[in-house]
Amino acid sequence: MTTPLRLLMVEDNEDDAHLLLLKLRRAGYEPDHMRVCSEANLRAALQDGDWQIVISDYAMPGFSGLEALRILKEMKADIPFILVSGTVGEEIAVDAMRKGANDYIMKDNLARLIPAIERELREARERIDRRRTEESLYQERERALVTLHSIGDGVITTDAEGCVDYMNPVAESVTGWTYGEAQGYPLPEVLPLVDEVTRELIESPAEISLRTGRVVSLSEQCLLVNRNGQEFHIEDSAAPIFDRDNRVIGAVLVFHDVTRERRMARQMTWQATHDSLTGLVNRNEFSERLSNLLAGMLGSEEREHALLYLDLDQFKVVNDTCGHAAGDELLKQLSRMLRGLMPANSALARLGGDEFGILIENVSLDQAKEVATQLLQAIGKFTFQWQERRFDVGASIGMVPIRRDTQSASFVLSAADVACYVAKEGGRNRVHVYEDSDIDLGQRHSEMHWVSRIKEALEENRLVLFRQEITSLNSRETTPHFELLVRMRAEDNSLVAPGAFIPAAERYNLMNAIDRWVIDAAFRYLRNTHTGDQSIYSINLSGNSINDEDLPGYIQQKINEYRIPPGRLCFEVTETAAVFNLGKASRMIHNLKKLGCRFSLDDFGSGLSSFGYLKNLPVDFLKIDGSFVKDMDTDPMNRAIVEAINQVGHTLSIRTIAEFVENEQIARQLRDIGVDFAQGYYFSKPHPLVESGRKLGAPA
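Cut-off values and rules
Residues numbered from 1 in each chain as written. Predicted model: local features only at pLDDT ≥ 70, side-chain atom pairs only at ≥ 80, totals over all residues. Heavy atoms only, no water. Helix = DSSP H or I, 4+ residues; strand = E, 2+ residues; numbered from the N terminus. Rg over C-alpha atoms; globule rule 2.2 N^0.38 Å. Buried < 20%, exposed > 50% of the residue type's maximum accessible area, 1.4 Å probe, protein only. Contact = heavy atoms within 4.5 Å. Lys, Arg positive; Asp, Glu negative; His and termini not counted. Charge placed at Lys NZ, Arg CZ, Asp CG, Glu CD. Salt bridge = Lys/Arg side-chain N within 4 Å of Asp/Glu carboxyl O. Expected span 1.5 Å × (residues − 1). Pairing = 2+ DSSP bridges. Right-handed = clockwise from strand over helix to strand, strands pointing away. Axes fitted to C-alpha atoms, helices over the stretch in contact; angles between N-to-C directions. Core = buried A, V, L, I, M, F, W, Y, C linked by side-chain atoms within 4.5 Å. Parallel < 35°, antiparallel > 145°, perpendicular 65-115°, else oblique. Left-handed = near helix turned anticlockwise from the far one by under 90°. Nonpolar A, V, L, I, M, F, W, Y, C, P; charged D, E, K, R; others polar. Polar contact = N/O pair within 3.5 Å; in protein donor to acceptor, adjacent residues only side chain to side chain.

Enquirer: Quick question: what am I supposed to make of the overall build of the protein here?
Expert: Helix and strand content of the protein: 25 helices and 34 strands. Rg of the C-alpha trace for the protein: 43 Å, well past the compact-globule value of 27 Å for 700 residues, more than 25% over. Counting only residues that meet the buried cut, the protein has 46% of its 700 residues in that class. If you take every contact in the protein between residues at least 6 apart in sequence, the share linking residues at least 24 apart comes to 64%. Distance between charge centroids for the protein: 4 Å, based on 79 positive and 106 negative side chains.

Enquirer: Help me understand the pattern of salt bridges, please; the structure alone is not making it clear to me.
Expert: When charged atoms on two side chains of opposite charge get close, those side chains can pair. If you walk through the whole model with that rule in mind, you get 33 salt bridges. Glu 203 serves as the salt-bridge partner of Arg 211, at 2.5 Å between the closest nitrogen and oxygen. Taking the relative accessible area as the measure of exposure, Glu 203 reaches 37% and is therefore partly exposed. The salt bridge partner of Lys 332 is Glu 329, with a shortest N-O separation of 3.9 Å. Of this pair, Lys 332 and Glu 329 are both found in helix 13 (residues 324-341), three residues apart, which corresponds to roughly one turn of the helix. Through salt bridges with shared partners, a single network forms among Glu 39, Arg 43, Arg 70 and Glu 74.

Enquirer: Where do I start with helix 13 in this structure?
Expert: Residues separated by three or four positions in an α-helix point in the same direction, a consequence of the helix having 3.6 residues per turn. The end-to-end C-alpha distance of helix 13, which contains 18 residues, comes to 26 Å, matching closely the 26 Å that a straight helix rising 1.5 Å per residue would cover. Considered for burial, the residues of helix 13 that qualify are Ala 326, Gly 327, Leu 330, Leu 331, Leu 334, Ser 335 and Leu 338. In this structure, the buried residues of helix 13 make contact with strand 15 (305-312), helix 12 (315-322), strand 16 (346-352), strand 17 (355-360), helix 14 (365-381) and strand 18 (383-386).

Enquirer: Before we go on, may I ask you to explain the pairing of strand 30 (residues 655-658) in this structure?
Expert: A regular strand carries its side chains on alternate faces of the sheet. Alignment of strand 29 (residues 621-624) against strand 30, held across four bridges, turns out to be parallel. Looking at the pairing, Phe 621 lines up with Arg 655 of strand 30. Pairing geometry for strand 30 and strand 31 (residues 677-678), over two bridges, is parallel. Bridge pairing in strand 31 places Ile 657 opposite Phe 677. You can see the chain leave strand 30, run along helix 25 (residues 664-673) and come back into strand 31, and the turn it takes is right-handed.

Enquirer: Just to check I follow, could you spell out the sheet that holds strand 2 (residues 29-36) for this structure?
Expert: Sheets are built from strands paired through backbone hydrogen bonds, the pairs being either parallel or antiparallel. Reading across the sheet, the five strands line up as 2-1-3-6-7 and stay open at both edges, with parallel pairing between neighbours. In this open sheet, the two strands that pair with only one neighbour each are strand 2 and strand 7 (103-106). Each strand axis lies, on average, 25 degrees off the axis of its neighbour in the sheet, ignoring direction.

Enquirer: I would appreciate a short explanation of the nonpolar core in the present structure.
Expert: If you look at soluble globular proteins, the nonpolar side chains tend to sit buried side by side. Formed by 78 residues in total, the largest nonpolar core has its most connected members in Phe 523, Phe 571 and Leu 670. Sequence-distant contacts of Phe 571, that is, excluding residues within four places in its chain, are made with Ile 519, Phe 523, Ile 539, Leu 541, Ile 555, Leu 592, Cys 597, Arg 598, Phe 599 and Ser 600. In this structure, Leu 312, Leu 376, Phe 391 and Ile 397 belong to the second largest nonpolar core, which totals 32 residues.

Enquirer: What is the right way to look at unusual backbone geometry in this model?
Expert: Trans peptide bonds make up the majority, and among non-glycine residues the majority have a negative phi. Positive phi is not limited to glycine here, since Asn 362 has a value of about 55 degrees. With respect to the secondary-structure elements, Asn 362 resides in the loop between strand 17 and helix 14. Assessed through its relative accessible area of 44%, Asn 362 is described here as partly exposed. Although it is not a glycine, Asp 603 adopts a positive phi angle of roughly 55 degrees. Relative to the helices and strands, Asp 603 resides in strand 28 (residues 598-604).

Enquirer: Help me understand the environment of Thr 3 in this model?
Expert: Relative to the helices and strands, Thr 3 is located in strand 1 (residues 3-10). Taking the C-alpha atoms as reference points, Thr 3 and Ile 454, separated by 451 residues in sequence, lie 103 Å from one another. Apart from the residues lying within four places of it in its own chain, the contact partners of Thr 3 are Gly 28, Tyr 29 and Glu 30.

Enquirer: Explanation requested: the pairing of strand 28 in the structure shown.
Expert: Of all seven residues in strand 28, five are buried; the element is thus mostly enclosed. One ladder, built from five bridges, connects strand 27 (residues 569-574) with strand 28; its direction is parallel. Bridge assignment links Thr 574 to a residue of strand 28, and that residue is Asp 602.

Enquirer: What is the right way to read the packing of helix 11 (residues 283-297) against helix 15 (residues 409-425) from this model?
Expert: For any two helices packed against each other, one specifies the inter-axial angle together with the distance between the axes. One way to put it is that helix 11 packs onto helix 15 with a least axis distance of 9 Å and a crossing angle of 120 degrees. It follows that helix 11 is oblique to helix 15 by the angle criterion. Judged by the twist between their axes, the crossing of helix 11 over helix 15 is right-handed. Contacts from Phe 286, Ser 287, Leu 290, Ser 291 and Leu 294 of helix 11 reach helix 15 at Ala 409, Val 412 and Leu 413. Split by residue class, the contact of helix 11 with helix 15 holds six nonpolar, two polar and no charged.

Enquirer: Explain the side chain of Asp 676 to me, please; I cannot follow it from the model alone.
Expert: Mapped onto the elements of the fold, Asp 676 is located in the loop between helix 25 and strand 31. One buried charged side chain, Asp 676, makes no salt bridge at all; its nearest oppositely charged neighbour is Arg 476, positioned 4.4 Å away. Only 2.8 Å separates the side chain of Asp 676 from the side chain of His 650, close enough to count as a polar contact. If sequence neighbours within four positions are ignored, Asp 676 has contacts with Thr 471, Ser 472, Leu 473, Asn 474, Arg 476, His 650, Ile 654, Arg 655 and Thr 656.

Enquirer: What am I meant to see in the sheet that holds strand 16 here?
Expert: Spatially, 16-17-15-20-21 is the arrangement adopted by the five strands of the open sheet, whose pairing is mixed. Whereas interior strands pair on both sides, the edge strands pair on one side only; in this sheet they are strand 16 and strand 21 (431-433). Averaged over all pairs of adjacent strands, the angle between their axes in this sheet comes to 20 degrees, without regard to strand direction. Relative to strand 17, strand 16 runs antiparallel, the two sharing six bridges. If you follow Arg 350 over to strand 17, its bridge partner there is Phe 356. Contacting strand 15, strand 16, strand 20 (395-402) and strand 21, helix 15 crosses the sheet at an angle of about 140 degrees to strand 20.

What follows is the structure, given as structure tokens:
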């Protein structure tokens, strides 16, 4: 079996060349060869051929072996070069070796030729393998460096003593150190970590990893204070680096800046538990604190607490005469004043509208009455001025003592509400302590006032439908989209805003009837609109309707009756209602989507529940709560929350709608963020839904 050999011979004597080839063939080689004897031919051969070895004569007419060697080196051809001659002495041979020849063989001693060729071929293969290994290692190192430079995490490596020997650009940006400055410095100087609460130094995970040889993660309450004094919340972990003998020779620390996420989480938690207008605790958080207080009283020594329910007496006058901006300012000023009057053992909350709750711990009934009286006196002295007008504001306070046998938080709040109503009925600007006999009076009044009015409006067809456009923020969405809104027409033909009667309808289980009226009226309108209208109409469903297992059947019946394309229908449920009735909401959504209807999750972010439940609600649209949208152009945190909700929605293939869009700047920011739709007065105000020349719901 022969071995191929690509051979370039620099030889003018054909007989000598034939002798060399004969030697090679006898040694088991099959030469693929070329013979040249001039500089031009040699250069051409080196450019065109892929030679394994060059064998050159020393002395040739007009050319020499040393010249051939020079050309080989000049062209950077990494090919073994063996000089074969019978006329050159040892001095020239040494000079040739010094200039790069691999070997020198006398023609009268060709026995050395084959071993020399085999040696040079072997060493050439080793050089090639070594270069490939080095190139592979270089490329691998370059890929690692590019990766470390491009990832969003900070990366720092140390030597065995814990001194920095590498850091990527993210680490440079966060620490304030450049790689050149930090190299060789102890890691704690470059990456000083402190406890968020105590401000004491924390040992770096990399130091622990070097000492223990384990992977170590950072405490969640850790802050990085960089060399410029800036503070960053970071999440990180460190791992030891081992050599072949399993000795720790360094550590790698990877960290991620979570300052924005932590700030957003705190802000979202605050938003979930506080009223955005006044900054006070909201109703949900207040109820939670009340429940915790009651739970803590079980089995404890006898202690008394009290809850005050405060309702302003002149708030509606301010709102109606000066507008909502004046009403909002009044609430903010009163909130600041009330906060300054609160005892240390109390919690103040805005429960809704112009209603406030005050939870006072460890007080007797007489002490609580004294606090309530002081609050009434302070409010009585308060004068609210708006532009040229001045208003005196009063209040009524309902009080409920809280003892170990108190039933529940909902009972306490309900009883306080009733006691406050009794105080109003008794002449206002007074305190009334709840008595068992009060509940009948309060319930009877509420039922007479609201149930009768809502039922009469339904019977007399005095509900009215409005619609507000939901505007596309990108050119891909061309189908018109509207939300249907319900109003009540009072006996004097004035319009009653939904905020006035919807809460009462929800409280006294009248929303099912209202929702069905809206569905029937909306479907009738859609049937009578001109042919070819493909607009989508969103219809709100209340929490009560989510619990109505017959509603999907009713909707299907109405779809069939009015022959409505289901694709034009989008039903909206609030996030809070959906989460509180997650199982039923999920079933209803699935049932109606089987019919071809769409679904939208309204006021998303107001409840700030876990995003996880969205995976179980196959909604088509996510309406971002307007409280985050309306001032996102001036509040960077609210803008960040809108961005986060939009990103989550798009990750789940849900299109997003921003509510309360009031100006061009907000609209522009929403487009930049990538929100799909916008709804608000900047684009359109609600308008009556018109059917056949008359407002839908108006008398025929």
